[in-house]
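# Breakdown of the fold
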Amino acid sequence: MNRTIIAVFALAIAWGAEGIAQDGAKPADGKAQPGPVDRLVATMQAAEKAFTSLQLEMRTSSTWPDGSVMTTRGTLRVLRGGQAAIHTKFEFRSDDGVRGRSESVQSADGIVLFEDDAAFGEVFALIDKKLVADLEWAGEVLRRDGLPGMRDRRAEAPLGSQMLASLQSQFDLVEDEKRKDRAGEPGAWLVGKRKKGLDESGGELPVADAVEAFVRSRDHALLEVRQLEADKVVQHLVVESVILDAKLDPASFQVQSGTGTPRAVQPPLSDTIEQTIKQAEAKKARELEARKEKDPAARDEKPEVRPSRR
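Quick look at the structure, then. This is a predicted model, so every value here is computed, not measured. (Residues numbered from 1 in each chain as written. Predicted model: local features only at pLDDT ≥ 70, side-chain atom pairs only at ≥ 80, totals over all residues. Heavy atoms only, no water.)

Within the protein chain, the secondary structure is distributed over six helices and 13 strands. Buried residues in the protein chain amount to 46% of all 310 residues. Partitioning the intrachain contacts of the protein chain with sequence separation of at least 6 by distance along the chain shows that 57% fall at a separation of at least 24. Approximately 16400 Å² of the protein chain is accessible, and the part contributed by carbon and sulfur atoms is 49%. (Helix = DSSP H or I, 4+ residues; strand = E, 2+ residues; numbered from the N terminus. Buried < 20%, exposed > 50% of the residue type's maximum accessible area, 1.4 Å probe, protein only. Contact = heavy atoms within 4.5 Å. Areas by Shrake-Rupley, 256 points an atom, 1.4 Å probe, with all protein chains shown as cover.)

Written out as structure tokens, the structure reads:
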């Protein structure tokens, strides 16, 4: 795997970017009444909208099909309001020697990104705000995340509501009535088997056939998720610390790892970014052509392009 793939998976595993239901926790049947898990997700979403700042620490481990194990450890800080910013920092390593670290700060000026691993060395880059806007747009069009500048679901849903919604779409979740706490903290354990008939192709990680997750009562934070294949844990997420409305100094939102001055983003990341944006523009062009076939009034419309070219 190259560095970009490793980083994307490390972040995805860390907060459930893979397979997240884009529309949140809507019931599968639009006419059905929300169930207990739907109501819990809605409560978590309300809490996620209310905080002004947040600091979170987490760790993960994932077992790959070849038997190797990837672990991550990271922090997320979110500041909202007039000086809004997102600061992420994580390290990843595998038992077969792959390791690296990444740190980024996103603000109104763009993204400062630092990455370091044994294969590619250090990269200290600046992604300007116009390119960030293009990437945010491309992420929405393609319903993707994972590249710097795309929607950061951990920052949008740091208590884990989107991850729980994703798990609900993949597993038949019910509350475990026998377990009401985790290490003495009250909360709900949700468990379930994988739903039948789901498309299991195209994934890089083993497909879990069961899951268990814990949501703490006092702050509605998802603190632990175990995905299992038979009796083996293949993905494990543990949130070690959550501080809501923490006193965070805006001046502290700086990338500390890099040295010197960040340069404009270079290949191979710049190539990946450009390819992704072009894919979004191509999708918009195809959608317009399909609409023109059905609606003659649309024949004079031009396809939507990236924000920086409008």
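What follows deals with the packing of helix 2 (residues 36–50) against helix 5 (residues 161–170). Where helix 2 contacts helix 5, the axes come no closer than 9 Å and their chain directions differ by 160°. On the basis of their axis angle, the class for helix 2 and helix 5 is roughly antiparallel. When you trace helix 2 past helix 5, the crossing you get is left-handed. Only S161, L164, A165 and Q168 of helix 5 make contact with helix 2, whose side of the interface consists of V37, D38, L40, V41, M44, Q45 and E48. Here the contact of helix 2 with helix 5 is built from residues that sort into six nonpolar, three polar and two charged. (Axes fitted to C-alpha atoms, helices over the stretch in contact; angles between N-to-C directions. Parallel < 35°, antiparallel > 145°, perpendicular 65-115°, else oblique. Left-handed = near helix turned anticlockwise from the far one by under 90°. Nonpolar A, V, L, I, M, F, W, Y, C, P; charged D, E, K, R; others polar.)

Attention shifts here to the nonpolar core. Of all hydrophobic cores here, the largest spans 35 residues; its most connected members are L54, L164, V225 and V242. When residues of this core are traced back to their parent elements, those giving at least two are helix 2, strand 1 (53–63), strand 2 (69–79), helix 5, strand 9 (185–193), strand 10 (210–216), strand 11 (222–229) and strand 12 (232–244). With five residues, helix 2 is the single largest residue contributor to this core. Non-local contacts of V225, meaning those with residues more than four positions away in its chain, are made with M163, L167, V211, E212, A213, Q235, H236 and L237. Counting residues in each nonpolar core, the second largest holds 17 residues, with L113, V141, L142 and I277 among its members. (Core = buried A, V, L, I, M, F, W, Y, C linked by side-chain atoms within 4.5 Å.)

Taken as a whole and assessed by the stated rule, the structure comprises three aromatic pairs. Ring centres of F90 and F92 lie 5.8 Å apart, and the angle between their planes is 35°; on these two criteria the pair is classed as tilted. Comparing F90 with F92 shows no difference in burial state: the two are buried. For R80, the ring lying beneath its charged end belongs to F51, and the centroid distance is 3.7 Å. Residue placement shows R179 over the ring face of W189; its charged tip is 4.3 Å from the ring centre. (Phe/Tyr/Trp six-rings, centres within 6.5 Å; stacked < 30°, edge-to-face > 60°. Lys NZ or Arg CZ within 6 Å of the ring centre and 35° of its normal.)

Of all 10 residues in helix 5, nine are buried; the element is thus mostly enclosed. The complete set of buried residues in helix 5 reads S161, Q162, M163, L164, A165, S166, L167, Q168 and Q170.

Next up on the list: the environment of K284. Within the secondary structure layout, K284 lies in helix 6 (residues 269–294). Those residues in contact with K284, other than ones at most four positions away along the chain, are W137, V141, P303 and E304.

One pass over the structure, following the stated rule, counts 21 salt bridges. Residues E240 and R73 are paired through a salt bridge, measuring 2.9 Å at the closest nitrogen-oxygen approach. Pair noted here: E240 is in strand 12 and R73 is in strand 2, with a separation of 167 residues, a long-range link. Residue R73 is classed as partly exposed on the basis of its relative accessible area, which comes to 47%. With its nearest N and O atoms 3.0 Å apart, the salt bridge here joins R179 to D176. Assessed through its relative accessible area of 26%, R179 is described here as partly exposed. Looking at D176, the relative accessible area reads 17%, which means it is buried. Put simply, D176, R179, R182, E212, E224 and R226 are held in one network by salt bridges that share partners. (Salt bridge = Lys/Arg side-chain N within 4 Å of Asp/Glu carboxyl O.)

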